[in-house]
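Notes for the structure review
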Amino acid sequence: MEQVSGLKFNTDFYAGYSPERINPGDKEHTVEKILKVTSGSTPEAGEKVNELYKSVITAGTHLASTIKVAEASKVIENSQRDINIAFVNELAKIFNLMDINTHDVLEAAGTKWNFLPFKPGLVGGHCIGVDPYYLAQKAQEHGYHPEIILAGRRLNDGMGDYVASEVVKCMIKKDININGSNTLILGITFKENCPDVRNTKAVDVVNALKSYGTNITIYDPWANEKEVLHEYGMMSSKKIPNTKFDAVVLTVSHNKFMNLDFSLLMKDNAVIYDVKNILPKNLADRTL
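To keep things clear, this report deals only with the structure shown in the data block. (Residues numbered from 1 in each chain as written. Predicted model: local features only at pLDDT ≥ 70, side-chain atom pairs only at ≥ 80, totals over all residues. Heavy atoms only, no water.)

**Structural notes on helix H4 (residues 131-141)**
Every buried residue of H4 is listed here: Asp 131, Pro 132, Ala 136 and Ala 139. For H4, the angular spread of the buried residues around the axis is 140 degrees, confining them to a single face. In this fold, the buried residues of H4 make contact with helix H2 (67-97) and helix H5 (148-157). (Buried < 20%, exposed > 50% of the residue type's maximum accessible area, 1.4 Å probe, protein only. Helix = DSSP H or I, 4+ residues; strand = E, 2+ residues; numbered from the N terminus. Arc of directions from axis to C-beta. Contact = heavy atoms within 4.5 Å.)

Put into structure tokens, the structure is as follows:
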């Protein structure tokens with residue numbers, strides 16, 4: 001960026017930068033209500049960019065010392081969340097082996113004032129599932145191999161396969177023939193009450209279950225069917241299926257799923273696996 005059409009950077013033109021900071025699907029924490037990190041290629045440019053954002057961001061701004069600092073702050077925000085979710089995902093795996101309800105443990109631990117309230121789940125989307133790789137790549141370019149960051153990514157990237165294997169185990173325990181069985185996936189977006197399907201890990205659950213020979217039906221009242229088909233080659237529907245299934249897997253906690261009559265979706269001996277732990281305990285066979 002030293003020269004553009006004979007113009008010299010930081011002499012004839014300047015750059016300002018503010019990393020994205022938004023929570024998709026969140027109607028409460030909208031853009032203007034989230035404090036904005038700002039920066040510029042010079043202190044003066046930074047001040048101008050900061051003043052611009054101050055005029056529209058009611059939550060305020062934070063002027064970072066450099067553009068690199070601003071971008072690094074964005075990357076570590078998402079990396080920190082990714083690592084914390086990886087930790088509770090690993091706890092879920094451990095406690096499932098010990099026949100302990102993970103969410104009961106987290107609820108008990110959460111009574112301490114400084115316990116961080118993270119929950120296990122599928123980690124997708126265009127930020128949290130991606131930004132840690134950017135940071136890891138930059139670290140490796142500078143000769144450092146990050147261990148915790150990549151370990152967290154590996155664990156979270158493997159949760160789709162883990163969920164599928166747990167569903168299959170539950171089906172086997174109920175003597176359900178896996179090959180040729182019918183499974184309903186509730187939710188294909190990357191998060192609840194949001195139409196965004198970018199980098200959704202619900203797709204990993206679908207693919208893993210297909211590999212076991214089960215037939216998949218996807219119901220998601222939020223997802224765009226054409227987008228799901230284009231991005232992943234999968235058929236999804238906004239309409240509740242008029243049939244009963246051998247297994248029902250709730251992957252996304254859309255509010256609309258809370259009012260479902262599961263008796264209309266389940267065969268008598270069906271399995272319900274609740275990834276998000278939003279269903280009544282007496283309904284789900286297992287949660288993550």
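**A word on the packing of aromatic side chains**
Inspection of the entire model under this criterion finds two aromatic pairs. For the pair Phe 9 and Phe 13, a centre-to-centre distance of 5.4 Å together with 45 degrees between the ring planes defines the contact as tilted. Each of the two residues, Phe 9 as well as Phe 13, counts as buried. Aromatic side chains Tyr 219 and Phe 257 sit 5.7 Å apart centroid to centroid with 55 degrees between the ring planes, which places their arrangement in the tilted category. Taken together, the positions of Tyr 219 in strand E7 (residues 215-219) and Phe 257 in the loop between strand E9 (245-250) and strand E10 (266-274) put the pair 38 residues apart, joining distant regions of the chain. Relative accessible area serves as the criterion here: at 6%, Tyr 219 is assigned to the buried category. Overall, the relative accessible area of 0% leaves Phe 257 in the buried class. (Phe/Tyr/Trp six-rings, centres within 6.5 Å; stacked < 30°, edge-to-face > 60°.)

**Regarding the sheet that holds strand E5 (residues 61-63)**
Spatial strand order, E3-E4-E5: three strands in an open sheet with mixed pairing. Of all strands in the sheet, those with a lone pairing partner are strand E3 (16-17) and E5, marking the two edges. Looking at chain direction, strand E4 (residues 36-40) and E5 are connected through three bridges and run parallel. Each bridged residue has a counterpart across the sheet, and for Thr 38 the counterpart in E5 is Leu 63. Along the sheet face, helix H1 (residues 43-54) touches E3, E4 and E5 and points at about 150 degrees away from the line of E4. Lying over the sheet, H2 contacts E3 and E4, oriented at roughly 150 degrees with respect to E4. (Pairing = 2+ DSSP bridges. Axes fitted to C-alpha atoms, helices over the stretch in contact; angles between N-to-C directions.)

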